[in-house]
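Now for the letters of each chain:
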Amino acid sequence: MAEGLAYTFYTYSDACVPLNERWKPTGLRDIFFADREEARRAVLAMRDDITADPDMEWTTTNIEKVVTVPISHSNILLLLNIGPGAFVAEYEVLETIV
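Residues numbered from 1 in each chain as written. Predicted model: local features only at pLDDT ≥ 70, side-chain atom pairs only at ≥ 80, totals over all residues. Heavy atoms only, no water.

Caption draft 1: Examining the packing of aromatic side chains more closely. This structure, assessed with the given rule, holds four aromatic pairs. In textbook terms, an aromatic cluster arises when at least three aromatic residues are bridged by ring pairs, as seen for Trp23, Phe32 and Tyr91. (Phe/Tyr/Trp six-rings, centres within 6.5 Å; stacked < 30°, edge-to-face > 60°.)

Next comes the structure, spelled out in C-alpha cells:
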C-alpha cells in the first residue's frame, strides 16, 4: 500500500514535561487543533478560567506544532497500538504561555 500524506496539527502541553518525555503514553488525552491560533485561543481561555479560581494554579503551557508520519496502513497500526508518539514525525514548541 502506498504511503499517504503527512499532516500538521497543533496542540498544547504542560511546559514542565521534558521534551524527551512528551510523547510517551501517560493516559492523558491530547487535544489537537487545525491551526496555531485556534490552539492559542484555547490555551488563553483555559488560563483565564484557571487564574479566575483562587483554588487553582496555572502552569506554564507550550503551544506545539506536530507533523505526522505519512498515512499508511502500518502507521495507523502504530498509532492505534502504541499511541500518538509513534505517529509524530516532527514536533516543535512554537510558543510558551506563562
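Caption draft 2: How the structure looks around helix α1 (residues 36–52). Given a rise of 1.5 Å per residue, 17 residues ought to cover 24 Å, and the 24 Å separating the end C-alpha atoms of α1 matches this to within 8%. Among all positions of α1, only Ala39, Val43 and Ile50 are buried. The arc that holds the buried residues of α1, viewed along the axis, is 35°, so those residues lie on one side. More than 90 degrees from the buried face of α1, the exposed residues found are Arg41, Asp49 and Ala52. Among the structural elements, β1 (8–14), β2 (61–68) and β3 (88–97) are those in contact with the buried residues of α1. Where α1 begins, the capping side chain belongs to Asp35, and its oxygen is found 3.1 Å from the backbone nitrogen of Glu37. (Helix = DSSP H or I, 4+ residues; strand = E, 2+ residues; numbered from the N terminus. Expected span 1.5 Å × (residues − 1). Buried < 20%, exposed > 50% of the residue type's maximum accessible area, 1.4 Å probe, protein only. Arc of directions from axis to C-beta. Contact = heavy atoms within 4.5 Å. Polar contact = N/O pair within 3.5 Å; in protein donor to acceptor, adjacent residues only side chain to side chain.)

Caption draft 3: Seen up close, the side chain of Arg22. On the secondary structure map, Arg22 appears in the loop between β1 and α1. A distance of 3.0 Å separates a polar atom in the side chain of Arg22 from a polar atom in the side chain of Glu64. With near-sequence residues (within four places) excluded, Arg22 lies in contact with Thr11, Tyr12, Ser13, Val17, Asp30, Glu64 and Tyr91.

Caption draft 4: Main features of the pattern of salt bridges. All told, the structure shown has three salt bridges when counted by the stated rule. We note a salt bridge from Arg36 to Glu95, for which the minimum N-O separation is 3.5 Å. A residue pair is termed long-range when its members are at least 10 positions apart, and Arg36 in helix α1 and Glu95 in strand β3 qualify at 59 residues. Accessibility expressed as a relative area gives 32% for Arg36, which makes it partly exposed. Note on Glu95: relative accessible area 17%, which makes it buried. The closest approach of N and O atoms between Glu95 and Arg40, which form a salt bridge, is 2.8 Å. With a gap of 55 residues between them, Glu95 in strand β3 and Arg40 in helix α1 connect regions that are remote in the sequence. Using a relative accessible area of 27% as the deciding quantity, one classes Arg40 as partly exposed. (Salt bridge = Lys/Arg side-chain N within 4 Å of Asp/Glu carboxyl O.)

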